[in-house]
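If you want the building blocks of each chain, they are given just below.
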Amino acid sequence: MPLNLTQPERDMLAGTHGDATSMAMRIVVATADLLGAESLVEVVSAHIDGCLHHGDGGVEFAEKLVRGGGRVAVPTTLNVGALDLLHPEKIRTTPHNTDMARRQMQAYVQMGAEATFTCAPYQVGHEPGLGQQVAWGESNAIAFVNSVLGARTERYGDFLDACCAITGRAPLYGLHCAENRVAQVIVDASAVPPMLKERDVFYPVLGTWLGLQVGQDIAAIVGLPKTVTRDQLKALGAAAASTGAVALFHVVGVTPEAPTLEAVTGGADLPRVAVSAAGIRNSLARLSTAASDDQVDAIAVGSPHFSLQEFDSLLELLGDRRLRVPFYVCTARGTLHSLEQRGDAARLIRAGVEIIADTCVVVTPILPAKGGVLMTNSGKFAHYGPSNTGYEVLYGSLEDCVESSVHGRVMRNEQVWSW
Amino acid sequence: MVKGRVLIPGEAVGPLLRLDHPISFWGGVDPVAGTIVDPRHPNYGASITGTVLAIPSAVGSSSSSAIMLELVREGTAPAAILLGRADAILSLGVVVGCELGYTSVPIVELPVALQEQLTQGARVRVGADGSVSEGP
């Protein structure tokens, strides 16, 4: 079936709304064609992942849109850039890359997008509702907006997210359609010890396992407690989107499209996979690449970006102690602002915390250049750390990270994994 | 000869590099060197430049489009890509590259079962109709 465009869409394509809108519509249409979509869908918001500098092609693209009069047509937030614009001295890079990274971030702000610079826009007020059509980039944000908020997006990459924001349209395809959001596999977590399921440290490991297990299939997870937190679901989705292409998962009794198992299976008889002790142990082992437990050179948390609730946990775990091993917390400038208003940012900085805003340690050079072992509580940092930073990684809970930094040696509570 | 669905049209010739595992280009491929840099990937260290790159599926970050664009811009891209499952993310990097005047890279959707009929390392030709054949 050829792609059906409405008159306003044909006008955009023809250049009635300027060169940038026309180019953006050409890219949306080309993508719709290659996905086999029959029409476009209007979106109510966008999250643009394209402001992170991977090379100068991204700057060329964004500035071409600005020169062509590009403006976002719907409320749009921005993902991380390659710079901490609030603390530019924290990034170790060349003047050329700094300049290009800044130009790329500014180009999207010039197009009317909100300067949020966070991979967790859902923590700074961008929360579309159940059933709303959106166009989001950034794999963890895609998993969160689909799964936890119940809004509908496909996996948009750099460039297409911006083109959707400018045209207010996305290809009507995949997860935009209700019939493609039903579960394809049931994941049964009932055998996992209840104590483990209460701990934050479990969820990145479950996500790692899920991504490896289901690839890009939609899982209906049963057997998780109703008390599972947003931060736990965030960590689960981020890890699953790192090891697999998970863009949507349902947690029965928790996420909005899954009040019951039947609601997400449509009564179909689906394959069932149990979360096993062996599977969890394998995924846990995969999150650490360091050869031994006798060295830690830096600690990084906040992927996805740290929430205010996570800062509360950090403050509580830290007490009035000082950190010895460099400790990086990555967050949104919006969250940092709230923290500053409460007076907690200064307290954390005094204790030795390096707060990074607008970006994070695996997308741009922030960690000390000498390398070594990076400890983290993030499945996503653990996954991308070795290739993107050159550091070996050690996975542990937030508490493990704090204790290790305070004591200057690796301290991990292995007891929590006894099963 | 096997035949898939054309995602990005074009013709290309190159040695077949078939990856047994999915890959995220972001975090998995260095666009300047054109090599696989994810140490966990079985093809770690392999150069993808000029190859006919067969991938079971793309995984991971949506920033992979940007890495694809940089590969095209740097001249380190594969000669063609065979994707087990259609995915907008890599194709998009090529579509945007064309808007910016860079060279195109043909992409064909070719199920893994058909990818496996091709010999690893053999010189293969990708045709404008989505055909993929071995031989000179």
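Residues numbered from 1 in each chain as written. Chains lettered and ligands numbered in written order. Predicted model: local features only at pLDDT ≥ 70, side-chain atom pairs only at ≥ 80, totals over all residues.

1. Regarding the overall build of chain A
For step 1, the next point in the chain: Across its full length, chain A holds 16 helices and 14 strands.
For step 2, the next point in the chain: Here chain A has a C-alpha radius of gyration of 21 Å; the compact-globule value for 419 residues is 22 Å, and the two agree.
For step 3, the next point in the chain: Counting only C-alpha atoms and orienting by the principal axes, one finds that chain A spans roughly 65 × 55 × 35 Å.
For step 4, the next point in the chain: Looking at chain A as a whole, 55% of its 419 residues are labelled buried.
For step 5, the next point in the chain: Long-range pairs, those at least 24 residues apart, make up 79% of the contacts in chain A between residues at least 6 apart in sequence. (Helix = DSSP H or I, 4+ residues; strand = E, 2+ residues; numbered from the N terminus. Rg over C-alpha atoms; globule rule 2.2 N^0.38 Å. Buried ≥ 20, exposed ≤ 12 C-beta atoms within 10 Å, placed from the backbone. Contact = placed C-beta atoms within 7 Å.)

2. Points about the overall build of chain B
For step 1, the next point in the chain: Counting its secondary structure elements, chain B contains 3 helices and 10 strands.
For step 2, the next point in the chain: Along its sequence from the N terminus, chain B presents helices and strands in the succession β-β-β-β-β-β-α-β-α-β-α-β-β.
For step 3, the next point in the chain: For chain B, whose C-alpha radius of gyration is 13 Å, the value lies close to the compact-globule estimate of 14 Å for 136 residues.
For step 4, the next point in the chain: Going through the 136 residues of chain B one by one, you find that 54% of them count as buried.
For step 5, the next point in the chain: Contacts spanning at least 24 positions in sequence make up 77% of the contacts within chain B whose residues lie at least 6 apart.

3. Thoughts on the nonpolar core
For step 1, the next point in the chain: In this structure, Ile27, Cys164, Ala165 and Tyr328 of chain A together with Val52 of chain B are the most contacted members of the largest nonpolar core, which totals 185 residues.
For step 2, the next point in the chain: Among the elements that take part in this core, helix H2 (residues 19-35) of chain A stands out by supplying 10 residues, more than any other.
For step 3, the next point in the chain: Among all residues touching alanine 165 of chain A, those that are not within four sequence positions of it are Ala46, Ile48, Val72, Ala73, Val74, Thr76, Ala113 and Ala135 of chain A. (Core = buried A, V, L, I, M, F, W, Y, C linked by C-beta atoms within 7 Å.)

4. A look at the pairing of strand E9 (residues 123-126) of chain B
Residue and element names in this part refer to chain B.
For step 1, the next point in the chain: Of the two faces of E9, only one is covered, namely that formed by Val124 and Val126; the face formed by Arg123 and Arg125 stays uncovered.
For step 2, the next point in the chain: Judged from the 4 bridges that link them, strand E3 (residues 12-18) and E9 form a sheet pairing that is antiparallel. Paired with valine 13 across the strands is arginine 125, a residue of E9.
For step 3, the next point in the chain: Sheet analysis places E9 next to strand E10 (residues 131-134), joined by 3 bridges and oriented antiparallel. Counted as the bridge partner of valine 124 is glutamate 134 from E10.
For step 4, the next point in the chain: What sits between the antiparallel neighbours E9 and E10 is a turn of 4 residues, in which glycine 130 has the positive phi angle 90 degrees. (Pairing = 2+ DSSP bridges.)

5. Looking at the sheet that holds strand E12 (residues 353-357) of chain A
All names here are of chain A.
For step 1, the next point in the chain: Spatially, E12-E11-E10-E13-E14 is the arrangement adopted by the 5 strands of the open sheet, whose pairing is parallel. Each edge of the open sheet is held by one strand with a lone partner, namely E12 and strand E14 (392-395). The average undirected angle you get between the axes of adjacent strands in this sheet is 25 degrees.
For step 2, the next point in the chain: On top of the sheet, helix H13 (residues 333-341) reaches strand E10 (298-306), strand E11 (327-331) and E12; it is set at about 135 degrees to E12, its chief contact. (Axes fitted to C-alpha atoms, helices over the stretch in contact; angles between N-to-C directions.)

6. Some words on the interface of chain A and chain B
For step 1, the next point in the chain: Taken residue by residue, the interface counts 34 residues in chain A and 29 residues in chain B.
For step 2, the next point in the chain: Going through the elements one at a time, H2, helix H3 (56-67), helix H5 (139-147) and helix H15 (379-389) of chain A are the ones with two or more residues in the side of chain A that touches chain B.
For step 3, the next point in the chain: For the side of chain A that touches chain B, the element with the most residues is H2 of chain A, which contributes 6 residues.
For step 4, the next point in the chain: The residue inventory of the side of chain A that touches chain B, partitioned by class, reads 14 nonpolar, 14 polar and 6 charged. (Nonpolar A, V, L, I, M, F, W, Y, C, P; charged D, E, K, R; others polar.)

7. Brief notes about the domain arrangement of chain A
All names here are of chain A.
For step 1, the next point in the chain: Split by domain assignment, chain A resolves into domain 1 (7-178), domain 2 (182-286) and domain 3 (298-410).
For step 2, the next point in the chain: Taken together, the contacts link 21 residues of domain 1 with 18 residues of domain 3.
For step 3, the next point in the chain: Among the residues making up the side of domain 1 that touches domain 3, the classes are represented as 11 nonpolar, 7 polar and 3 charged. (Domains from an automatic or database assignment.)

8. Concerning the pairing of E11 of chain A
All names here are of chain A.
For step 1, the next point in the chain: Extensive coverage of E11 is indicated by the burial of 5 of its 5 residues.
For step 2, the next point in the chain: Residues Phe327, Val329 and Thr331 of E11 are buried on one face, and the alternating residues Tyr328 and Cys330, pointing to the opposite face, are buried as well.
For step 3, the next point in the chain: The pairing of E10 with E11 spans 4 bridges and is classified as parallel. Counterpart to alanine 300 in the pairing with E11 is tyrosine 328.
For step 4, the next point in the chain: Following the backbone out of E10, through helix H12 (residues 308-318) and into the adjacent parallel E11, one traces a crossover that is right-handed. (Right-handed = clockwise from strand over helix to strand, strands pointing away.)

9. Quick notes on H15 of chain A
All names here are of chain A.
For step 1, the next point in the chain: Across the 11 residues that make up H15, a large majority, 11, are buried.
For step 2, the next point in the chain: Buried within H15 we find Gly379, Lys380, Phe381, Ala382, His383, Tyr384, Gly385, Pro386, Ser387, Asn388 and Thr389.
For step 3, the next point in the chain: Elements that come into contact with the buried residues of H15 comprise H5, helix H8 (202-214), helix H9 (230-243), E10, strand E13 (373-376) and E14.
For step 4, the next point in the chain: Looking one or two residues beyond H15, the residue adopting positive phi is glycine 390, at roughly 80 degrees.

10. A few points about the environment of glutamate 310 of chain A
Residues and elements named next belong to chain A.
For step 1, the next point in the chain: Residue placement: glutamate 310 occurs in helix H12.
For step 2, the next point in the chain: Given 24 C-beta atoms within a 10 Å radius, glutamate 310 is considered buried.
For step 3, the next point in the chain: It is 20 Å that separates the C-alpha atoms of glutamate 310 and serine 147, two residues lying 163 residues apart in sequence.

11. Some details on helix H1 (residues 64-74) of chain B
For step 1, the next point in the chain: Counting buried residues in H1 of chain B gives 10 out of 11 residues, a clear majority hidden from the surface.
For step 2, the next point in the chain: Along H1 of chain B, the residues that are buried comprise Ser64, Ser65, Ala66, Ile67, Met68, Leu69, Glu70, Leu71, Val72 and Arg73 of chain B.
For step 3, the next point in the chain: Against the buried residues of H1 of chain B lie H3 of chain A together with strand E4 (29-30) and helix H2 (88-99) of chain B.
For step 4, the next point in the chain: Phi for glycine 75 of chain B, located one or two positions after H1 of chain B, is positive at around 75 degrees.

12. A few points about the sheet that holds strand E1 (residues 2-3) of chain B
Think of a sheet as strands paired side by side through backbone hydrogen bonds, with each pair either parallel or antiparallel.
Residue and element names in this part refer to chain B.
For step 1, the next point in the chain: Across the sheet, 8 strands lie side by side as E1-E10-E9-E3-E6-E7-E8-E2; this open sheet has mixed pairing. The open sheet terminates on both sides in strands that have one partner only, identified here as E1 and strand E2 (5-8).
For step 2, the next point in the chain: Pairing between E1 and E10: 2 bridges, direction antiparallel. What sits directly across from lysine 3, in E10, is serine 131.

13. Here's the deal with unusual backbone geometry
Residues and elements named next belong to chain A.
For step 1, the next point in the chain: Residues serine 303 and proline 304 are joined by a peptide bond in cis, for which omega reads -10 degrees.
For step 2, the next point in the chain: With respect to the element layout, proline 304 can be found in strand E10.
For step 3, the next point in the chain: Despite not being glycine, phenylalanine 159 shows a phi value in the positive range, around 80 degrees.
For step 4, the next point in the chain: As for its placement among the helices and strands, phenylalanine 159 is situated in the loop between H5 and helix H6 (160-167).
For step 5, the next point in the chain: Taking the C-beta count within 10 Å as the criterion, phenylalanine 159 has 32 such neighbours and is therefore assigned buried.

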